[in-house]
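# Commentary on secondary and tertiary structure
These are the residues of each chain, in order.
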Amino acid sequence: MSRKKIIAGNWKMNIKPSETAALVKGVAEATKDFAGVDIVCCTPAIDIPAAVAAAAGTRVEIGAENAHWEEKGAFTGEISTGMLIDAGAKYVIIGHSERRQYFGETDETVNRRTRAVIASGLTAIVCVGETLEEREAGKLNEVIERQMNVGLKDVTAADCAKLVIAYEPVWAIGTGKTATPDQAQEVHALIRETLAKLVGAETAETVRIQYGGSMKPSNAAELLAKKDIDGGLIGGAALKAEDFAGIIAAAAQA
Ligand code: PGA
């Protein structure tokens, strides 16, 4: 089964609205020949309108970095899926480790957000991954299985058309330490197996699993060559059009 590669940037809290158009246009220009890859820029919510305008008529799609599970109401500081759709976003990152670590995100809230995103018609990019402490304590499988089983509870096989999973070992995010291709492939295979138990093996084969954690042009090709690595979720290297395009070029050739 061949899955279309998907490279998504996660801008985090780094790019201002006034800087957004230049970066999106730079990415679009540098990647216009890579038709075989889905290209996404997930931006701070306040950048989305400028990002959507700059991406119009290009192959770049725009996503958000979080969304609430309720459609509206008294949730100061939150953003609904309806607002994101209205602004032209197509994807939403859910359960990034920084949300889990600093903002109280749990597997249960990941599940509520994921189901709301999928029900809205947006595509959820659901992040899972272990800390160094968990890996060294031999808890890698347990942590990934729990994050998957709770985070994707009640997600159906039909819902999987709107689901991407990102494996992001916490120890590799922003640290310059990348999981080796073999280390990453091992966890990607575990993620697919765990997903197969939830939605069936046939559906699990169709779901794209991204690797994230210090992916850059120089290491993207060897990671993307692995059987179950279907793309990347990119932080630091998504902030420069040239670096991001280098990763997309590697995905186009994988
Ligand atoms: P990084 O971040 O590429 O800067 O390691 C990845 C992420 O957190 O999504």
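So, a few notes on the structure that sits alongside this text. (Residues numbered from 1 in each chain as written. Predicted model: local features only at pLDDT ≥ 70, side-chain atom pairs only at ≥ 80, totals over all residues. Heavy atoms only, no water.)

### Regarding helix H7 (residues 140–151)
Note the threshold: Working definition: helices are DSSP H or I runs of at least four residues, strands are E runs of at least two. Numbering for both runs from the N terminus. A helix's residues, less one, multiplied by 1.5 Å, set its expected span. Throughout this description, buried means an accessible area under 20% of the type-specific maximum (1.4 Å probe, protein chains only), exposed means over 50%, and partly exposed covers the range between. Picture the helix axis, draw a direction to every C-beta atom, and the arc is the one those directions span. Two residues qualify as a contact provided that any one of their heavy atoms is within 4.5 Å of a heavy atom in the partner residue.
For H7, built from twelve residues, the straight-helix expectation of 16 Å at 1.5 Å per residue is met to within 8% by its first-to-last C-alpha distance of 16 Å. Residues of H7 that are buried include every one of Leu140, Val143, Ile144, Gln147, Met148 and Gly151, and no others. On an axial view of H7, the arc spanned by its buried residues comes to 125°, and they lie on one face. In the core, the buried residues of H7 are packed alongside helix H4 (97–102), helix H5 (107–120), strand S5 (123–128), helix H6 (132–136), strand S6 (163–167) and helix H8 (181–199).

### Brief notes about the site of the ligand
Inclusion rule: If even one non-hydrogen atom of a residue comes within 4 Å of a molecule or strand, that residue is called near it. Here a polar contact is taken to be a pair of N or O atoms separated by no more than 3.5 Å, where protein atoms must pair a possible hydrogen donor with a possible acceptor and residues adjacent in sequence count only if both atoms sit in side chains. Shrake-Rupley sampling with a 1.4 Å probe provides the accessible areas, and residues are treated as covered by the protein chains on show and by no other component. Ten residue types, Ala, Val, Leu, Ile, Met, Phe, Trp, Tyr, Cys and Pro, are classed as nonpolar, four, Asp, Glu, Lys and Arg, as charged, and the remainder, Gly among them, as polar.
As a structural note, the neighbourhood of the ligand is formed by 13 residues, with Lys12, His96, Glu168, Gly174 and Ser214 the closest of them. Contact between the ligand and Asn10: an oxygen atom at 3.4 Å from a side-chain N or O atom of the residue. Protein contacts shield 95% of the accessible area of the ligand, which totals 280 Å² for the unbound molecule. When grouped by side-chain class, the residues that make up the shell around the ligand number four nonpolar, seven polar and two charged.

### Regarding the sheet that holds strand S1 (residues 5–10)
For the record, the criterion: Two strands pair under a simple rule: DSSP has to find at least two bridges between them. Simply put, an axis is a line fit to the C-alpha atoms, just over the touching stretch for a helix, and the angle between two N-to-C directions goes from 0 to 180 degrees.
The eight strands are arranged S1-S2-S3-S4-S5-S6-S7-S8 in a closed barrel whose pairing can be described as parallel. Direction aside, the axes of adjacent strands within the sheet are offset by 25° on average. As defined by bridge partners, strand S2 (residues 37–42) adjoins strand S3 (residues 60–64) across four bridges and the pair is classed as parallel. When the bridges of S3 are listed, Ile39 appears paired with Val60.

### Describing the pattern of salt bridges
We count it as follows: Salt bridges are counted wherever a side-chain nitrogen of Lys or Arg sits within 4 Å of a carboxyl oxygen of Asp or Glu.
Applying the stated criterion across every chain, the model contains 17 salt bridges. Note that Asp230 and Arg3 form a salt bridge whose closest N and O atoms lie 3.0 Å from each other. Here the residue Asp230 occupies a position in the loop between helix H10 (217–224) and strand S8 (231–234), and Arg3 occupies one in the segment before S1, the gap between them amounting to 227 residues. With a relative accessible area of 11%, Arg3 lands in the buried category. Linked through salt bridges whose partners overlap, the residues forming this network are Arg3, Arg192, Glu205, Lys227, Asp228 and Asp230.

### What about the packing of H5 against H7?
Heads up, the condition is: Just so you know how the angles are binned, under 35 degrees is roughly parallel, over 145 roughly antiparallel, 65 to 115 roughly perpendicular, and the rest oblique. In this scheme, a crossing is called left-handed if the near helix is turned counterclockwise away from the far one by less than a right angle; it is called right-handed if the turn is clockwise.
It is at 8 Å that the axes of H5 and H7 come closest, and there the two elements cross at 45°. With respect to their mutual orientation, H5 and H7 come out oblique. In the packing of H5 onto H7, the handedness of the crossing is right-handed. Here Asp107, Glu108, Val110, Asn111 and Thr114 of H5 lie close against H7, whose contacting residues are Arg146, Gln147, Val150 and Gly151.

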